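Remarks on the overall topology
The chain contents come next:
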Amino acid sequence: MGLEKQNTAPLVSIIIPIYKVQDYLNDCIESVVHQTYTNIEIILVDDGSPDRCGAMCEEWAKHDARIVVLHKNNGGLSDARNYGLDHAHGDYVVFVDSDDRIEPPLVQDALHSLMEHNAQIVVYQYRFLYPNGNLAPDPGSASFPAGQLCSAKKALEYIWQDQVQNFSWTVFAETSLYDSIRFPEGRLVEDMATTYRLFQASHSVYFLGKDLVQYRVRNDSILSNSNKQIITDMARNISEIDSFASQHYADMVAIERNWAIRYMTTDYLWLYQMKDRLPQDTYHKLKQMLMDQLHEEIADIGWGSVSNHNKLKVLAIKMRLMPLFARISAMRSGRAPSSRPSDV
């Protein structure tokens, strides 16, 4: 069941990929159906979830005609998001993770900002939702460029300076921007591989200084499952963004490569945390791969152009001072890595 676009009120598609989140799903959907902007299409994509999620989606659809339930074989987060996009009818689209909550005015505030500033994308902020129910601001929010309307180039610079995170669930965009952009299926850390392309496709991005998402912090981190794919996929994403920056923004290569070095060292830290749970030959092969790519990143711009924070982390790695490196990394970002199963 779809919704008709009403006269002058744009239809907004809210896409929620769903997999093994029965403990959080009702909380998520409840926050979506209570949006203050009502002309919305809520697309629940049951990605072959083996628990009660599929039945829960159907129950919600009985009570709200705006809800569309799609059932499919499990294909991963990217595949579920793409499937939702293929069935979306809205003028605008927003993604919500099925274990998160969104604030009641998210759609209204984002749509108003987009239309007021003639932007194609609105990026908003978020808070952490902890297991005890407490909410805390993102530690990086102080550098968020709130209230700024800027070009695609400037928006990318904000990403590469870590003033903005490239999370798909903080992006409200014209649906047409996704006509030639899809999430990479079968790959983890898929937001990193997609958001920069979305920015590049737009003529302007507006940064809305409001906390409109409650990002649920969960204890079942994918890092605890020794998933080596996150290591290789992160490195692959970074390599692709390196090539993109070199091709399109030669004057920002130093900024982008410093961003790349930050995330390569984070990738190295994640691998180190998996060390005791991976076969030793696998660990050493991945370690060598990361070190080779890290050296390439540094060679591209020269040691003199590497930031002081990055120099400290690289030296800590080379001197095998991983506890020191972990402290430096935490001090630099102030953020917990996005490592929930639904995020990667």
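The structure displayed is predicted, hence computed values, not measured ones.

The next point concerns the nonpolar core. Side chains that are nonpolar tend, in soluble globular proteins, to be buried together. In this structure, Ile121, Val123, Trp160, Phe207 and Trp259 are the most contacted members of the largest nonpolar core, which totals 67 residues. Counting residues per element, this core draws most heavily on helix α8 (residues 253–273), at 10 residues.

The subject of this paragraph is the packing of aromatic side chains. Applying the stated criterion to the full structure yields 19 aromatic pairs. Where Tyr126 meets Trp169, the ring centres are 5.1 Å apart and the plane angle is 75°; that geometry is what we call edge-to-face. Here Trp169 lies in the loop between α5 (152–160) and β9 (171–174) and Tyr126 lies in strand β6 (residues 121–129), a separation of 43 residues in the sequence. Summarising the burial analysis for this pair, Tyr126 and Trp169 share the class buried. Ring geometry for Phe144 against Phe207: centres 5.8 Å apart, planes inclined by 85°, an arrangement best described as edge-to-face. Remark: Phe207 occurs in strand β10 (residues 205–216) and Phe144 occurs in the loop between β7 (135–137) and β8 (149–150); sequence separation between them is 63 residues. In this structure, Phe144 and Phe207 share a single accessibility class: buried. Three or more aromatic residues joined by ring pairs make a cluster, and in this case those are Tyr126, Phe128, Tyr130, Phe167, Trp169 and Tyr215.

Following both chains from N to C, one finds α8 and helix α9 (residues 280–301) inclined at 165°, their axes separated by 9 Å at the closest point. Between α8 and α9, the angle is such that the two are roughly antiparallel. Our pair here, α8 against α9, has a crossing hand that is left-handed. Where α8 approaches α9, its residues Val253, Ala254, Arg257, Asn258, Ala260, Ile261, Met264, Thr265, Asp267, Tyr268, Leu271 and Tyr272 are matched on the opposing element by Tyr283, Leu286, Lys287, Leu290, Met291, Gln293, Leu294, Glu297, Ile298, Asp300 and Ile301. Looking at the contact of α8 with α9 residue by residue, the class counts come to 15 nonpolar, three polar and five charged.

What follows covers α5. Burial of α5 is extensive: seven of the nine residues sit out of reach of the surface. Along α5, the positions that sit buried rather than exposed are Ala152, Ala155, Leu156, Glu157, Tyr158, Ile159 and Trp160. Residues of α5 that are buried sit in contact with β8, α6 (195–201), β10, α7 (229–248) and α8. Directly after α5, the chain includes Asp162, whose backbone phi takes a positive value near 65°.

Between α7 and α8, the shortest axis-to-axis distance is 10 Å and the interhelical angle comes to 175°. Considered as vectors, α7 and α8 are oriented roughly antiparallel to each other. Residues Ile230, Ile231, Met234, Ala235, Ile238, Ile241, Asp242, Ala245 and Ser246 of α7 form the contact with α8, whose participating residues are Val253, Glu256, Arg257, Trp259, Ala260, Tyr263, Met264, Asp267, Trp270 and Leu271.

Procedures and definitions
Residues numbered from 1 in each chain as written. Predicted model: local features only at pLDDT ≥ 70, side-chain atom pairs only at ≥ 80, totals over all residues. Heavy atoms only, no water. Core = buried A, V, L, I, M, F, W, Y, C linked by side-chain atoms within 4.5 Å. Buried < 20%, exposed > 50% of the residue type's maximum accessible area, 1.4 Å probe, protein only. Helix = DSSP H or I, 4+ residues; strand = E, 2+ residues; numbered from the N terminus. Phe/Tyr/Trp six-rings, centres within 6.5 Å; stacked < 30°, edge-to-face > 60°. Axes fitted to C-alpha atoms, helices over the stretch in contact; angles between N-to-C directions. Parallel < 35°, antiparallel > 145°, perpendicular 65-115°, else oblique. Left-handed = near helix turned anticlockwise from the far one by under 90°. Contact = heavy atoms within 4.5 Å. Nonpolar A, V, L, I, M, F, W, Y, C, P; charged D, E, K, R; others polar.

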